[in-house]
Amino acid sequence: MDFPVSLDSYQRVRLPSSLFFLTHLLLLLQPGEMHSEEVRVVGHGEPILAHVGDEVEFSCHLSPYRDAERMEILWFRSQASDVVHLYRERQEFYGQQMAQFQNRTELVTDEIADGSVTLRLHPVVPADEGPYGCRFVSSDFTGQAVWELEVAGLGSDPHISLEGFKQGGIQLRCSSSGWYPKPQSQWRDHQGRCLPPETEVIVKDAQGLFSLETSVVVQAGAHSNVSCSIQNPLLGQKKEFVVQIADVFLPGTSPWKRAFLGTLVGTLLLLALLLTLALYFFRKQRRSQEKLKKQAEKDKGKLTEELGKLQVELDWRRAEGQAEWRAAQQHAVDVTLDPGSAHPSLEVSEDGKSVSSRRMAPGSAAGDPQRFSGQMCVLSRERFSTGRHYWEVHVGRRSRWFLGACLAAVPRAGQARLSPADGYWVMGLWNGCEYFVLDPHRVALTMRVPPRCVGILLDCEAGKLSFFNVSNGSHIFTFTDTFSGTLCAYFRPRAHDGSEHPDPLTICPLPVREKRVPEEEDSDTWLQPYEPSDPALAMW
């Protein structure tokens, strides 16, 4: 900063030179007399022109230069809330950045100590066109600069195609794509005269670029050097394509029309010959396919024979399973439920033959150590340690349940994994169609007929627990293990599932021997997936 000194005052006051200089210097350095130059933000003075797909740089700096490293620098669109990029105290923040600029901006801070920064935007798209600005904010200064971004795209080279004869001339079609802003087209003849277009269609695609298609009918005499040009109005640049058409192709004007027709007839004859050869090879191939078809029918007969043998074996196995079920019924025992072991949310009937879940569980029995507090289940009064014992449970159309046997001494508190390793041998249903057991991992079961009544046979000496589908008398699954203690029947109706058939689990009366009442057609097939559809099944 320059400080003016008056020579007249120096002459009027005669002081020693050193004292005079010191006095003036102190007066000039008074705080009230200091003048600081105003700080302003300098951006782009003129609109910026960028091409589609290229990179554009937005540069801003402080004048006079000062360190902006700890300032807040914001690039924005038409208003400050439209954030393009945000820098604040040596960090870049992307949380408020507009979606259209995400992963497209790059901040260059090599000269930020001098107050100069540059934001790179790439690639440029038509939607980027419009006003921009940068704002510097510090504790003692706020300033901004704004400018305009113009976007232009030079499309593809025009493509001209001959569409055919129309209105006594030849129709030409010109097309091009990838223009921005909306392009302008022009047809011209060999003398540079404008030809009026027949049609012109301009379409904007999802990226904001324009595609143009225009057509013209060329009459005789205007065919030499017909051109189609497409121009970008912003760039002032155009792309042009020239095509030449001889009079021979114009209808009614060619002396070579007969020769052309003769050539056309010859071409048709050649096509007829080619068609005859194609028909010959087609018939030959057809004969080969007939041979293959006969061989396939022969193989089909063999396969049918093998399937018949497999069906006989399947029927035999089914009969064997029904015989096993009938044999199991010979060991039927009377089983009743123990209300004292039931979870508080379960309701046991007075005769001890059925159990169902209810929506709200009473809290008065929550502290009973004999009741299950984690599992919504109930055990039987009977205990089994020797012999064979069979009972049947009607499950109806419930969509969730577990049945089987468990050790009488299993813990009553907390959750448990229903696997043999923890003293449970059970079969379950989930979501109305997923039948499975845990042995020890989840094993999906396939049912031809969904069981409405399940038979259970416990053979203590053999270490087996078998399940039967009473609906069709088939065998479902058998656990083979060593029982380490006294067992009892296990019933778990699950929580109220909101299904249309919230039937209770009911212990059936002692079965009548040699009687089978199927409830579904044997042809129905239920296929079960091998993985649970609900992650909660991992505990069962």
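Since the structure is predicted, the reported quantities are computational estimates derived from the model, not experimental observations.

Engineer: I would appreciate a short explanation of the overall build of the protein in the present structure.
Structural biologist: Along its length, the protein carries three helices and 31 strands. Considering the protein as a whole, with its 540 residues, one finds that 37% of them fall into the buried category. Here the analysis covers contacts within the protein between residues at least 6 apart in sequence; of these, 64% occur between residues at least 24 apart.

Engineer: Could you clarify how one ought to interpret the sheet that holds strand 14 (residues 194-195) in this entry?
Structural biologist: Ordered by their spatial adjacency, four strands build an open sheet running 14-13-17-18, and the pairing between neighbours is antiparallel. Every interior strand has two partners, whereas the edge strands, strand 14 and strand 18 (237-243), have only one. In the sheet, strand 13 (residues 184-188) pairs with strand 17 (residues 226-232) via five bridges, with the strands oriented antiparallel. In the strand pairing of strand 17, glutamine 186 is matched with serine 229.

Engineer: I tried to follow the pairing of strand 2 (residues 48-51) on my own but got confused; where do I start?
Structural biologist: Regular strands place side chains that alternate from one sheet face to the opposite one. Every second residue of strand 2 is oriented toward a common face, the buried set being Ile48 and Ala50 and the non-buried set Leu49 and His51. Here strand 2 pairs with strand 10 (residues 142-152) via four bridges, running parallel. Directly across from isoleucine 48, in strand 10, lies its bridge partner leucine 149.

Engineer: Would you explain the pairing of strand 5 (residues 83-88) in this entry?
Structural biologist: Most of strand 5 sits out of view: five of its six residues are buried. Of the pairings in the sheet, the one linking strand 4 (residues 72-76) to strand 5 comprises five bridges and is antiparallel in character. In the strand pairing of strand 5, leucine 74 is matched with leucine 86. Linking two consecutive strands that pair antiparallel, namely strand 4 and strand 5, is a turn of six residues. Examined bridge by bridge, strand 5 and strand 6 (residues 91-93) share three bridges and lie antiparallel to one another. The partner of leucine 86 across the bridge, within strand 6, is phenylalanine 93.

Engineer: What is the right way to read the state of the cysteines from this model?
Structural biologist: Two cysteines joined by a covalent bond between their sulfur atoms form a disulfide. In this structure the tally under the stated criterion is two disulfides. Here cysteine 60 pairs with cysteine 134 through a disulfide, and the sulfurs are 2.0 Å apart. Given an S-S torsion of about -110°, the disulfide between cysteine 60 and cysteine 134 has left-handed geometry. Linking cysteine 60 in strand 3 (residues 56-63) with cysteine 134 in strand 9 (residues 130-137), this pair joins segments that are 74 residues apart in sequence. Comparing cysteine 60 with cysteine 134 shows no difference in burial state: the two are buried.

Engineer: In this structure, what is going on with the packing of aromatic side chains? I would like to understand it.
Structural biologist: Centre distance and the angle of the planes are the two values used to describe a pair of aromatic rings. For the coordinates displayed, the defined rule picks out twelve aromatic pairs. Ring geometry for phenylalanine 58 and tryptophan 147: centres 5.5 Å apart, planes at 55°, overall tilted. You can see phenylalanine 58 sitting in strand 3 and its partner tryptophan 147 sitting in strand 10, a full 89 residues away along the chain. Residue tryptophan 147 is classed as buried on the basis of its relative accessible area of 6%. Members of the aromatic cluster, connected to one another through ring pairs, are Phe58, Phe101, Tyr132 and Trp147. The ring of phenylalanine 93 is capped by arginine 88, whose NZ or CZ atom sits 5.1 Å from the centre of that ring. Here the guanidinium or amino end of arginine 400 rests over the ring plane of tryptophan 430, the centre of that ring lying 4.5 Å away.

Engineer: It is not clear to me how the sheet that holds strand 20 (residues 354-357) should be interpreted in this structure. Could you clarify?
Structural biologist: Whether parallel or antiparallel, the strands of a sheet pair through hydrogen bonds between backbone atoms. Strand order in this open sheet of seven strands is 19-20-31-22-27-28-29, and the pairing throughout is antiparallel. Each edge of the open sheet is held by one strand with a lone partner, namely strand 19 (346-348) and strand 29 (474-480). Taken pair by pair, the neighbouring strands of this sheet meet at an average axis angle of 20°, ignoring direction. Of the pairings in the sheet, the one linking strand 28 (residues 464-469) to strand 29 comprises six bridges and is antiparallel in character. By the bridge assignment, phenylalanine 468 is partnered in strand 29 with histidine 475.

Engineer: Would you explain the environment of methionine 447 in this entry?
Structural biologist: With respect to the secondary-structure elements, methionine 447 resides in the loop between strand 26 (442-445) and strand 27 (453-459). Between the C-alpha atoms of methionine 447 and asparagine 469, which are 22 residues apart in sequence, the distance is 8.8 Å.

Engineer: Any chance you could explain unusual backbone geometry here in plain terms?
Structural biologist: Looking along the chain, the bond that leaves tyrosine 180 and enters proline 181 is cis, with omega of -5°. Assignment of secondary structure puts proline 181 in the loop between strand 12 (169-179) and strand 13. A cis amide bond, omega -15°, links aspartate 439 with the succeeding residue proline 440. Its location among the elements puts proline 440 in the loop between strand 25 (434-438) and strand 26. The phi torsion at asparagine 103 lies on the positive side, around 65°, for a residue other than glycine.

Engineer: Is there a simple way to think about the nonpolar core in this case?
Structural biologist: Side chains of nonpolar character tend, in soluble globular proteins, to be buried together. Within the largest apolar cluster, 54 residues are counted, with the highest numbers of intra-cluster contacts made by Trp391, Trp401, Leu403, Met427, Tyr490 and Phe491. Leave out the neighbours within four places in its chain, and tyrosine 490 touches Gln375, Cys377, Val378, Leu379, Phe402, Leu403, Gly404, Ala405, Cys406, Leu418, Tyr424 and Val426.

Conventions adopted
- Residues numbered from 1 in each chain as written.
- Predicted model: local features only at pLDDT ≥ 70, side-chain atom pairs only at ≥ 80, totals over all residues.
- Heavy atoms only, no water.
- Helix = DSSP H or I, 4+ residues; strand = E, 2+ residues; numbered from the N terminus.
- Buried < 20%, exposed > 50% of the residue type's maximum accessible area, 1.4 Å probe, protein only.
- Contact = heavy atoms within 4.5 Å.
- Pairing = 2+ DSSP bridges.
- Disulfide = S-S within 2.5 Å.
- Phe/Tyr/Trp six-rings, centres within 6.5 Å; stacked < 30°, edge-to-face > 60°.
- Lys NZ or Arg CZ within 6 Å of the ring centre and 35° of its normal.
- Axes fitted to C-alpha atoms, helices over the stretch in contact; angles between N-to-C directions.
- Core = buried A, V, L, I, M, F, W, Y, C linked by side-chain atoms within 4.5 Å.

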